[in-house]
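Residues per chain are reported as follows:
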Amino acid sequence: MTVIEEVSGLVAVVTGGASGIGKGIAQRLAERGAQVVIADIEEDPLEAAAKEIGAVGIRTDVTDAASVLALAGQVVERFGKVHLVFNNAGVAPESRIADMTLGDWKWILDVNLDGVIHGVHAFLPLLKRHGEPAYIVNTSSMGGFVADMPGLGAYATTKFAIMGLTEALAHELEREGSNVGAAVLAPGTVRSNIARSLRTRPAKTQGGSSFVQNDISDNEELAKLRWLDPTEVGDVVLAALARGETHIVTHPEWYPMVAERAAAIDAAFRRGAAAREENSDGN
């Protein structure tokens with residue numbers, strides 16, 4: 001089991017690092033002495049965030065594998081190695097699945113899922129190369145555990161996929177006795193810009209879109225929930241890496257939703273077992 005108790009002096013890369021959860025993680029890393037690189041597609045916020053927290057900012061389009069490979073190359077050229085990678089960039093526009101265009105699907109999959117895949121592909125060999133303790137953290141969501149979120153079916157699709165990818169990677173790394181650990185971050189409600197995701201959608205893909213901007217400012221139910229500052233998420237993440245976690249949750253009080261889904265799956269297996277036994281008796 002890989003454990004990262006001290007980040008001082010380590011090299012860390014955070015995608016989607018100019019705002020929200022990514023910036024919160026990057027800020028806590030920088031405060032604890034890590035050498036931090038933040039990557040983001042928005043140049044002005046990237047420059048401002050890098051200056052604010054004392055990080056290196058590198059504009060990166062996570063939907064483009066070559067852009068992420070170039071990011072990895074620049075990090076190694078500058079620092080020699082990398083220890084911590086946070087594949088965090090993501091979007092969360094709203095639409096019913098029945099209304100979505102193929103363009104909608106391509107964009108959200110490109111950002112949320114391919115962005116993580118590109119990060120794993122580009123950085124995992126570098127994390128393994130030096131043999132020192134290292135970690136790769138992929139941002140999923142509570143939507144990676146539970147899909148019953150109105151308007152966020154496509155988002156949940158990508159976040160379930162990230163959950164599966166990271167769990168599989170963690171098992172592979174453990175079996176090979178790797179120096180690298182893998183964890184999936186499943187945040188709940190956090191004060192971030194993800195509710196304004198459509199601002200980053202390329203104009204050339206806008207035609208025919210069913211996505212709408214999910215305005216949460218007047219949602220009474222969401223207002224009742226516990227909202228975290230992004231730096232609080234950074235604290236949760238770093239504490240989890242010090243324990244060698246593979247699943248990082250920010251809102252443990254939401255577990256009943258996960259338990260309800262697990263109970264429904266358990267009931268389905270029990271019905272399947274009963275039906276098989278009944279058929280066997282009939283033969």
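Details of the structure are given in the entry above.
Basis of the calculations
- Residues numbered from 1 in each chain as written.
- Predicted model: local features only at pLDDT ≥ 70, side-chain atom pairs only at ≥ 80, totals over all residues.
- Heavy atoms only, no water.
- Axes fitted to C-alpha atoms, helices over the stretch in contact; angles between N-to-C directions.
- Helix = DSSP H or I, 4+ residues; strand = E, 2+ residues; numbered from the N terminus.
- Parallel < 35°, antiparallel > 145°, perpendicular 65-115°, else oblique.
- Left-handed = near helix turned anticlockwise from the far one by under 90°.
- Contact = heavy atoms within 4.5 Å.
- Nonpolar A, V, L, I, M, F, W, Y, C, P; charged D, E, K, R; others polar.
- Expected span 1.5 Å × (residues − 1).
- Buried < 20%, exposed > 50% of the residue type's maximum accessible area, 1.4 Å probe, protein only.
- Bend = angle between axes of the 7 residues up to and from the residue.

A. Here's a closer look at the packing of helix α1 (residues 20-31) against helix α7 (residues 230-243). Where α1 contacts α7, the two axes come as close as 7 Å, and the packing angle between them is 60°. The pairing of α1 with α7 is recorded here as oblique in orientation. Relative to α7, α1 is oriented so that their crossing is right-handed. Of the residues in α7, those in contact with G20, I21, G24, I25, Q27, R28 and L29 of α1 are P230, T231, V233, G234, D235, V237 and L238. Taken together, the residues that form the contact of α1 with α7 break down as seven nonpolar, five polar and two charged.

B. Representation of α1 within the structure. For α1, built from twelve residues, the straight-helix expectation of 16 Å at 1.5 Å per residue is met to within 8% by its first-to-last C-alpha distance of 17 Å. Counting buried residues in α1 gives nine out of twelve residues, a clear majority hidden from the surface. Among the residues making up α1, those that are buried are G20, I21, G22, K23, G24, I25, A26, R28 and L29. Close packing links the buried residues of α1 with β1 (11-15), β2 (35-40), α2 (43-53), β4 (84-87), β6 (180-186) and α7. Immediately beyond the C-terminal end of α1, within one or two residues, lies G33, with a positive phi of roughly 95°.

C. Highlighting helix α4 (residues 102-129). Compared with an ideal rise of 1.5 Å per residue, which puts 28 residues at 40 Å, α4 spans 39 Å between its outermost C-alpha atoms and is within 8% of the ideal. Its axis deflected by about 40° at D110, α4 carries its strongest bend there. A positive backbone phi angle near 75° is found at G131, which sits one or two residues after α4.

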